[in-house]
Amino acid sequence: MHSRLQILREDCFLSQKQMAQFLCVNQSTYSRYERGALEVPLDVLVRLAQFYHTSTDYLLGLTDEKRPYPPSRRKF
């Protein structure tokens, strides 16, 4: 997952500091996410997927399909 985070960030011409500010974490924390030295919390994973308009499965390396899933129409 960490390599995908770095690639997506660089594709958007963003710095680690900018992503850290968006996620409300320290730059060193975000750097550890990208290096794989720290697990990305679920809420952060979801925010990253929304920000990059992709799925959490893509970020986690479970699929190579970048497109996000269509929104659910289920009512709970």
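Quick notes on the rules
Residues numbered from 1 in each chain as written. Predicted model: local features only at pLDDT ≥ 70, side-chain atom pairs only at ≥ 80, totals over all residues. Heavy atoms only, no water. Phe/Tyr/Trp six-rings, centres within 6.5 Å; stacked < 30°, edge-to-face > 60°. Helix = DSSP H or I, 4+ residues; strand = E, 2+ residues; numbered from the N terminus. Buried < 20%, exposed > 50% of the residue type's maximum accessible area, 1.4 Å probe, protein only.

*Asks:* Describe the packing of aromatic side chains, and please don't skip the residues or the numbers.
*Replies:* Each pair of aromatic rings is reported with the distance of its centres and the angle of its planes. Throughout the structure, instances matching the rule amount to three aromatic pairs. Relative to Tyr-33, the ring of Tyr-30 has its centre 6.2 Å away and its plane inclined at 80°; by these criteria the two rings are edge-to-face. On the criterion of helical spacing, the pair formed by Tyr-30 and Tyr-33 is a turn pair, its members being three residues apart in helix H3 (residues 27-35). Each member of the pair, Tyr-30 together with Tyr-33, is buried. Between Phe-51 and Tyr-52, the ring centres sit 5.0 Å apart and the planes meet at 80°, which makes this aromatic pair edge-to-face. According to the relative accessible area criterion, Phe-51 is partly exposed, its value standing at 29%. When its relative accessible area of 9% is taken as the criterion, Tyr-52 is described as buried. Cluster of aromatic residues (ring-pair linked, three or more members): Phe-22, Phe-51 and Tyr-52.

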